[in-house]
Amino acid sequence: MEQYIIKGGTPLVGEVEIGGAKNAALAIIAAAVMTDEEVILENIPDVEDVNRLLNAIEDVGVTVKREDRHVVRILGKTLHTYRVDYEYIRKMRASYYLLGAFLGKVRHAEVALPGGCDIGSRPIDQHIKGFRALGAEVQIDKGVVYANADQLYGQRIYMDIVSVGATINVMLAAALADGYSTIENAAKEPHVVDVAIMLNSMGADIRGAGTDIIRIHGVSRLHGCRYSIIPDQIEAGTFMFAAAATRGNVLVKNVIPKHLESITSKLREMGSAVWEYDDAVRVIASDEIRSTHVKTLPYPGFPTDMQPQIGVTLGLASGTSIIIESIFERRFKYLDELVRMGAQVKVEGSIAIITGVESYVGTEVTAPDLRAGAALVIAGLAARGYTIVDDIKYILRGYERFDEKLRALGGDIALVTNERQRTEFMYRAV
Ligand code: UD1
């Protein structure tokens, strides 16, 4: 079993380069399949979720060529079936984007219901509502979603809930529908905008992405393009909080500072200095971390995907902090692990009350999901002594060379697979 072993207590100092946004890449790979011409995608992160989706589309006939670690050529012309099996996607939620992509392209899709991190109930009713509004028949049978349409017609679609996935999925299908669609109460996350820009560079006619209302004039076909994915807001935010929690000084490069505003503003409230450049931010931690309150919200609010990272940092603050998790109901599981490292926490439903402690104490903890796993690594880096993080398969789904990047900042962390490697790490000559 792969684990991270960490010797905590060293402030992270130096520079780190952020990769392409995983959640944008997943939707954009699905979009790339919608044309018969070649699409070249740059800045694709080399992480498990992305590689699994690339395998899934290859399995249905799409030609996928990895030019190098971060550049992929996709040729959707060779697509020969519209059924994506459970085996490929059971651990990957974003497989649902193939529903919208296939429905738009060929008016037919069969995709097993998505898995993903267990962070709360994750219905897809808004996706289905959108597809039905466009004229598709959608059924779920034995865990597979079947979507069929003779024709898709532009429609006015109001989302009952602000959903990133539903907004993107309906946008994919509507891009190739007949006529004009609007998506109202749309999600405004940076990756929603990135997918819209990418679709437009394939010939789609989408306006308003990044606002509440997205307006889509359906086109009859899409063409090939070359597109570079935006930097990963959450990977960047993770390193920013790692700098703050370890009392470090880190230049986080290849980012769009505007996408990080809610994170930057919380870090400043907590006492860190954050300097913004054109495409980088520097976080200089203060010795004393100040407590604060935070509520997760859709963009431009504080992202739920950053809640565990701010949580472990607030656990080291002076005073008491309150976190309200308003998006997913099971996103506090990491706090049970953090308590084992000495944190003082009380959870009441969607509210966590955290009273800061001087320091965490290293122990063996288990990553409950992707972002929570990364947060426990931050806790380990800030802790006294040795921390072992189990179940890092979750972390590998979304962070590329996480341990390597942390080591380059001075973090004492290694990926180990057996007892001998663990012992070597602990007893190596200093
Ligand atoms: C995406 C991200 C995930 C992030 C989340 C919120 C990907 C692959 N994943 O997930 O990392 O945490 O956005 O920023 O991009 N909901 C419904 N019905 C639906 C769809 C969603 O009730 O049909 C609810 C969900 O249960 C949740 C809320 O809406 O409470 C937001 O979910 P959504 O934005 O859809 O998240 P995902 O797209 O699944």
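See the structure printed just above.
Not measured: the values here are computed from a predicted model. (Residues numbered from 1 in each chain as written. Predicted model: local features only at pLDDT ≥ 70, side-chain atom pairs only at ≥ 80, totals over all residues. Heavy atoms only, no water.)

Of the strand pairs in this sheet, strand S3 (residues 38-42) and strand S5 (residues 71-75) are connected by four bridges, and their pairing is antiparallel. Each residue of the ladder has a partner; that of isoleucine 40, found in S5, is arginine 73. The sheet contact formed by S3 and strand S14 (residues 225-228) spans four bridges and is parallel. Paired with valine 39 across the strands is cysteine 225, a residue of S14. (Pairing = 2+ DSSP bridges. Helix = DSSP H or I, 4+ residues; strand = E, 2+ residues; numbered from the N terminus.)

Side chains that are nonpolar tend, in soluble globular proteins, to be buried together. Counting 80 residues, the largest nonpolar core has Leu41, Ile74, Met171, Met198 and Leu199 as the members making the most contacts within it. Examining the composition of this core, we find that nine residues originate from one element, helix H1 (residues 22-32), more than from any other. Apart from the residues within four sequence positions on either side, methionine 171 is in contact with Ile183, Val192, Val195, Ala196, Leu199, Ile206, Ile214 and Ile216. Counting 65 residues, the second largest nonpolar core, distinct from the first, contains Leu335, Leu370, Ala372 and Ile378. (Core = buried A, V, L, I, M, F, W, Y, C linked by side-chain atoms within 4.5 Å. Buried < 20%, exposed > 50% of the residue type's maximum accessible area, 1.4 Å probe, protein only. Contact = heavy atoms within 4.5 Å.)

Turning next to the site of the ligand. Every one of the 22 residues lining the ligand counts as a neighbour, but Arg93, Gln126, Ser163, Asp305 and Ile327 are closest to it. Within the backbone of proline 123, a nitrogen or oxygen atom sits 3.3 Å from an oxygen atom of the ligand. In this structure, a nitrogen atom belonging to the ligand sits 2.8 Å away from a side-chain N or O atom of aspartate 125. Bound to the protein, the ligand loses 89% of the 740 Å² it would expose on its own. Under a 2 Å grid-point criterion requiring more than half of the atoms, the pocket assigned to the ligand is the largest pocket. At the level of elements, helix H5 (125-133) and helix H6 (164-175) are the ones that each hand at least two residues to the shell around the ligand. Per-element tally for the shell around the ligand: the top contributor is H5, with three residues. Of the residues assigned to the shell around the ligand, the class counts are nine nonpolar, eight polar and five charged. (Near = heavy atom within 4 Å. Polar contact = N/O pair within 3.5 Å; in protein donor to acceptor, adjacent residues only side chain to side chain. Areas by Shrake-Rupley, 256 points an atom, 1.4 Å probe, with all protein chains shown as cover. 1 Å grid on protein atoms, 1.4 Å probe; cavity = no way out; pocket = protein on both sides within 12 Å on 5 of 7 lines; lining within 4 Å. Sits in = over half its atoms within 2 Å of the grid points. Nonpolar A, V, L, I, M, F, W, Y, C, P; charged D, E, K, R; others polar.)

Now for the packing of aromatic side chains. In this description, an aromatic ring pair is defined by two values, namely the gap between the centres and the angle between the planes. What the rule picks out here adds up to seven aromatic pairs. A centroid spacing of 6.2 Å and a plane angle of 80° characterise the contact between tyrosine 386 and phenylalanine 425, whose relative ring orientation is edge-to-face. Linking tyrosine 386 in strand S23 (residues 386-390) with phenylalanine 425 in helix H15 (residues 419-427), this pair joins segments that are 39 residues apart in sequence. Exposure remark for tyrosine 386: the relative accessible area of 26% places this residue in the partly exposed category. An angle of 35° between the planes, with centres 4.7 Å apart, marks the rings of tyrosine 399 and phenylalanine 402 as tilted. (Phe/Tyr/Trp six-rings, centres within 6.5 Å; stacked < 30°, edge-to-face > 60°.)

Before going further, it helps to examine unusual backbone geometry. In this structure, the amide linkage connecting tyrosine 299 to the following residue, proline 300, adopts the cis form with an omega of 10°. With respect to the helices and strands, proline 300 occurs in the loop between strand S18 (293-295) and helix H10 (307-314). One non-glycine residue, arginine 107, lies in positive phi territory at about 65°. Among the structural elements, arginine 107 can be located in the loop between helix H4 (97-106) and strand S7 (108-112). Residue arginine 107 is classed as buried on the basis of its relative accessible area of 15%. The phi dihedral of aspartate 391 falls on the positive side, at around 60°, and the residue is not glycine.

Time to look at empty space enclosed by the protein. A complete count under the given rule lists two cavities of 30 Å³ or more for this structure. There is about 50 Å³ of room inside the largest cavity. In this structure, the largest cavity is lined by Gly19, Gly20, Pro45, Val47, Asp232, Glu235, Gly398, Tyr399 and Glu400. Of the voids in this model, the second largest cavity is the one considered here, and its volume is about 30 Å³. Every residue along the wall of the second largest cavity is listed here: Pro231, Asp232, Gln233, Val255, Ile256, His259 and Leu260. Split by residue class, the lining of the second largest cavity holds four nonpolar, two polar and one charged. (Points joined across faces, edges and corners; volume = space filled by probe spheres on them.)

Below, the discussion takes up the pattern of salt bridges. Throughout the structure, instances matching the rule amount to 29 salt bridges. Here glutamate 337 and arginine 340 are joined by a salt bridge, their closest N and O atoms 3.2 Å apart. Of this pair, glutamate 337 and arginine 340 both sit in helix H11 (residues 333-340), three residues apart, roughly one helical turn. By relative accessible area, arginine 340 is classed as partly exposed at 45%. (Salt bridge = Lys/Arg side-chain N within 4 Å of Asp/Glu carboxyl O.)

Within the fold, histidine 223 resides in the loop between strand S13 (213-217) and S14. Classification of histidine 223 as partly exposed rests on a relative accessible area of 31%. Here the alpha-carbon distance between histidine 223 and lysine 405, two residues 182 residues apart in the chain, equals 37 Å. When residues no more than four places from it in sequence are discounted, the contact partners of histidine 223 are Thr35, Glu37, Ser201, Met202 and Gly203.

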